[in-house]
Amino acid sequence: MRVAVCDNDKNDLAPVSELLQKYSGLHPEYSIETSAFSSAMEMLCHAERRGCCDLFLLDIYMDGIDGVAAAKEIRELTKDSEIIFITASKDFALDAFALDAAQYIVKPCTENTLFTALDKVFARFTAASESAFTLKTTTGYTRIRPSEVIYTETSRNNYQEIHLLKDKTVFARITAQSLYDILANDDSFVRCGAAYNINLKHVRTVSKDEVTFDTGIPILIPHRAYTHVKEKFINYGMDIDF
């Protein structure tokens, strides 16, 4: 697993990097490779050259590009990377939530707090790799990770349109409920009426008439499904350590 830590204050960057090294020694099964950056620009350039890391640990108050802006750039590049904010203020917790951060840690960052956050993130990675499934689609057999699914929609003749990241759509002959039963191993999925399964990880807004995803795509939802989806969306979020 590739991990990037970014903080323009060397007095914070060095201790977090050391804690990552200690965690790596305790968990050799994760094969953690750590890169430390003193500016968000340096980190983002590295991500564009070598691809995004699996996990980013970001300060927010940094010169030039701040941590929230950097996280937005990361989300433009990938939805799969996990983000942990480690910062001096509680003020950006809502921004972090909107960016699907796994954890929001207010400094000082203790070993116990960081290790607990890392345990959560690496458990997610392990679960994601184990929960990939194969479906017979109209183009052959397709291997799908639940995290790649934005939403599914019932089409004609009991086919499901499975809308994936990177503007990809596949079609499989399976009922919406049967597909949900497969996806439900990931707690980010919710049924929305009879036709839709939606991944809350990719939802940005929920209104009485529609759900809008972080791709900008809206779907109309049944009025009777609104309360259920709204409650699931509100309760789906991140942990905050103040």
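Refer to the structure above for everything that follows.
As the structure is a prediction and not an experimental result, all values here were calculated from the model.

Cut-offs used in this document
- Residues numbered from 1 in each chain as written.
- Predicted model: local features only at pLDDT ≥ 70, side-chain atom pairs only at ≥ 80, totals over all residues.
- Heavy atoms only, no water.
- Buried < 20%, exposed > 50% of the residue type's maximum accessible area, 1.4 Å probe, protein only.
- Helix = DSSP H or I, 4+ residues; strand = E, 2+ residues; numbered from the N terminus.
- Arc of directions from axis to C-beta.
- Polar contact = N/O pair within 3.5 Å; in protein donor to acceptor, adjacent residues only side chain to side chain.
- Salt bridge = Lys/Arg side-chain N within 4 Å of Asp/Glu carboxyl O.
- Phe/Tyr/Trp six-rings, centres within 6.5 Å; stacked < 30°, edge-to-face > 60°.
- Pairing = 2+ DSSP bridges.
- Right-handed = clockwise from strand over helix to strand, strands pointing away.
- Axes fitted to C-alpha atoms, helices over the stretch in contact; angles between N-to-C directions.
- Parallel < 35°, antiparallel > 145°, perpendicular 65-115°, else oblique.
- Contact = heavy atoms within 4.5 Å.
- Nonpolar A, V, L, I, M, F, W, Y, C, P; charged D, E, K, R; others polar.

Engineer: Whenever I open this one, helix α3 (residues 67-77) confuses me. Can you help?
Structural biologist: An α-helical turn contains 3.6 residues, so any two residues separated by three or four positions project in the same direction. Of all the positions in α3, only G67, V68, A70, A71, I74 and R75 are classed as buried. The buried residues of α3 occupy one face: seen down the axis, they fall within an arc of 155°. Between the side-chain oxygen of the N-cap and the backbone nitrogen of V68 there are 3.1 Å, and the N-cap of α3 in question is D66.

Engineer: When you look at the pattern of salt bridges in this model, what are you seeing that I'm missing?
Structural biologist: Opposite charge on two side chains lets them pair, provided their charged atoms get close. Applying the stated criterion to the full structure yields nine salt bridges. Close ionic contact of K107 with D12 constitutes a salt bridge, the shortest N to O distance being 2.9 Å. Residue K107 is found in the loop between β5 (103-106) and α5 (111-131), and its partner D12 is found in helix α1 (residues 10-26); the two are separated by 95 residues along the sequence. Note on K107: relative accessible area 22%, which makes it partly exposed. The partner of D80 in a salt bridge is R145, and the shortest N-O contact between them spans 3.2 Å. Taken together, the residues span a long stretch of sequence, with D80 in the loop between α3 and β4 (82-87) and R145 in the loop between β7 (140-144) and β8 (149-154) at a distance of 65 residues. Here D80 falls in the partly exposed class, since its relative accessible area comes to 29%. A relative accessible area of 31% means that R145 is categorised as partly exposed. Residues participating in the shared-partner salt-bridge network are D7, D12, D59 and K107.

Engineer: When you look at the packing of aromatic side chains in this model, what are you seeing that I'm missing?
Structural biologist: Two aromatic rings, taken as a pair, are described by how far apart their centres are and by the angle between their planes. Per the counting criterion, the structure on display carries eight aromatic pairs. Judged by centre distance (5.2 Å) and plane angle (65°), the rings of Y23 and F115 are edge-to-face. With Y23 in helix α1 and F115 in helix α5, this residue pair connects regions lying 92 residues apart in the sequence. Y23 sits in the buried class, given a relative accessible area of 1%. Linked through ring pairs, Y23, Y30, F115, F122 and F125 together constitute an aromatic cluster.

Engineer: What's the story with the pairing of strand β2 (residues 33-37) in this structure? I'm lost.
Structural biologist: Within a regular beta strand, the side chains point alternately toward one face of the sheet and then the other, so they alternate between its two faces. Looking at chain direction, strand β1 (residues 2-6) and β2 are connected through five bridges and run parallel. If you follow C6 over to β2, its bridge partner there is F37. Handedness of the β1-α1-β2 crossover: right-handed.

Engineer: Help me understand the pairing of β8, please; the structure alone is not making it clear to me.
Structural biologist: As judged from the five bridges shared by β8 and strand β9 (residues 159-164), these two strands associate in the antiparallel manner. Paired with Y151 across the bridge in β9 is H163. Bridge analysis of β8 against strand β12 (residues 196-199) gives three bridges, and the strand direction is antiparallel. Pairing of Y151 across the sheet is with I198, part of β12.

Engineer: For this particular structure, what's the right way to read the packing of helix α2 (residues 40-50) against α3?
Structural biologist: Working note: a packed helix pair is described by the angle between its axes plus the distance between those axes. Interhelical geometry of α2 versus α3 gives an angle of 5° and a closest axis separation of 10 Å. Classified by the angle their axes make, α2 and α3 are roughly parallel. Listed contacts from α3 to A40, M43, L44, A47 and E48 of α2 are A70, E73, I74 and L77. Looking at the contact of α2 with α3 residue by residue, the class counts come to seven nonpolar, no polar and two charged.

Engineer: I would appreciate a short explanation of the environment of M41 in the present structure.
Structural biologist: Within the secondary structure layout, M41 lies in helix α2. Overall, the relative accessible area of 48% leaves M41 in the partly exposed class. Along the primary structure M41 and Y141 are separated by 100 residues, whereas in three dimensions their C-alpha atoms are 40 Å apart.

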